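Residue-level listing of the chains:
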Amino acid sequence: MRSIVFFLLCTGTLIAAGDLIGRRAPGFSLRDSANRYQDPQDYRGKILIIEFMQTTCPHCSVFSKMLQEASVKYAGKVAIVSIVNPPDTPDKVAQYAATNKITIPILFDCGQIAASYVNWMPGKPGGFDLPRVFIIDAGGVIRRDLEYSAPTKEIFEGRGLFNEVDKLLQTQSAIPGKR
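Analysis parameters
- Along every chain, residues carry numbers that run from 1 in the direction the sequence is written.
- Thresholds applied to this predicted model are a pLDDT of at least 70 for local features of residues and 80 or more for the giving and counting of side-chain atom pairs; totals over whole chains, interfaces and linings are not thresholded and use all residues.
- The basis for the side-chain values is all heavy atoms of the structure; hydrogens and waters are excluded.
- Type-normalised accessible area, obtained with a 1.4 Å probe on protein chains alone, sets the label of each residue: buried when under 20%, exposed when over 50%, and partly exposed for intermediate values.
- Each helix corresponds to a stretch of at least 4 residues labelled H or I by DSSP, and each strand to a stretch of at least 2 residues labelled E; elements are numbered beginning at the N terminus.
- The criterion for strand pairing is that DSSP finds at least two bridges linking the strands in question.
- For the handedness criterion, the strands are oriented away from the viewer, and a crossover whose path from the first strand over the helix to the second runs clockwise is classed as right-handed.
- By arc we mean the arc of the directions from the helix axis to the C-beta atoms, nothing more.
- In what follows, residue pairs with any heavy atoms lying within 4.5 Å of each other are defined as contacts.
- In this scheme Phe, Tyr and Trp rings, the latter by its six-membered ring, pair at centre separations within 6.5 Å, and the angle between planes marks the pair as stacked below 30 degrees, edge-to-face above 60, and tilted otherwise.
- Throughout, nonpolar core names a set of buried Ala, Val, Leu, Ile, Met, Phe, Trp, Tyr and Cys residues whose side chains join them through atoms within 4.5 Å.

(A) Local environment of the pairing of strand 4 (residues 78-84). Along strand 4, 7 of the 7 residues are buried, which leaves the element largely enclosed by surrounding structure. With burial as the criterion, each face of strand 4 is covered, one bearing Val 78, Ile 80, Ser 82 and Val 84 and the other bearing Ala 79, Val 81 and Ile 83. Taken together, the 6 bridges between strand 3 (residues 47-52) and strand 4 define a ladder with parallel strand orientation. Among the inter-strand pairings, Glu 51 is bridged to a residue of strand 4, identified as Ser 82. Since strand 3 and strand 4 lie parallel, the crossover through helix 2 (residues 58-73) that links them has a hand, and here it is right-handed. Sheet topology places strand 4 next to strand 5 (residues 106-108); 3 bridges connect them, and they run parallel. Across the sheet, Ser 82 pairs through a bridge with Ile 106, a residue of strand 5. At this point the chain moves from strand 4, through helix 3 (residues 90-100), to the parallel strand 5, and the crossover so formed is right-handed.

(B) Expanded view of helix 3. Of the positions making up helix 3, those classed as buried are Val 93, Tyr 96, Ala 97 and Asn 100. Buried residues in helix 3, looked at end-on, bunch into an arc of 95°, giving them a common side. For helix 3, exposure combined with an orientation more than 90 degrees from the buried face picks out Asp 91, Gln 95, Ala 98 and Thr 99. Those residues of helix 3 hidden inside the fold are in contact with helix 2, strand 4 and strand 5. Taken from the residues just after helix 3, Lys 101 is the one with a positive phi, measuring 55°.

(C) Local environment of the packing of aromatic side chains. Scanning the entire structure with this criterion turns up 7 aromatic pairs. Members of the aromatic cluster, connected to one another through ring pairs, are Phe 28, Phe 52, Tyr 117 and Phe 134.

(D) Quick peek at the nonpolar core. Counting 30 residues, the largest nonpolar core has Ile 49 and Leu 161 as its most contacted members. Broken down by secondary-structure element, the contributors of at least two residues to this core are strand 3, helix 2, strand 4, helix 3, strand 5, strand 6 (132-136), helix 5 (153-157) and helix 6 (160-174). Not counting residues within four places of it along the chain, the set of residues in contact with Ile 49 comprises Leu 67, Val 78, Ala 79, Ile 80, Val 81, Val 133, Phe 134, Ile 135, Leu 161 and Val 165. Phe 28, Tyr 43, Leu 107 and Val 118 belong to the second-largest nonpolar core, a separate cluster that totals 19 residues.

This is the structure in structure tokens:
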């Protein structure tokens, strides 16, 4: 009985995640810690990984290191941004980035972008699990929507993210006129 309940919970999580797969990624213009505005259009032609995170999330800390490694491994082919919402502040983010040696841009949202990506509203019970990552292809279409859970743990704590990016890079290189 427990295994059936666990299966249904996992299936529900996977079904709830992914509402935007195959659709154009919602646009935004958000400020980073250097007061520069970042926009997904700035990364057109590259794979874009957007992570929703929080500085107090232990899984986010582990995943941030994976993202930092990915930014070096796929330099020029993949762009990565992280997005935080309140109660995170610029001071907390600066401390988090220094502690974890993170150089990828961390953008500040007040809930609107999170809501457009995950159908979430501030104060809504349940919210969504962190980290949450969207992998967007070079044309701006969401290809993966991954929320931290038992079935996706390899993405966030293992080498699964690299496998996902490698598959997408192979797919894009197979399309005539794409590299």
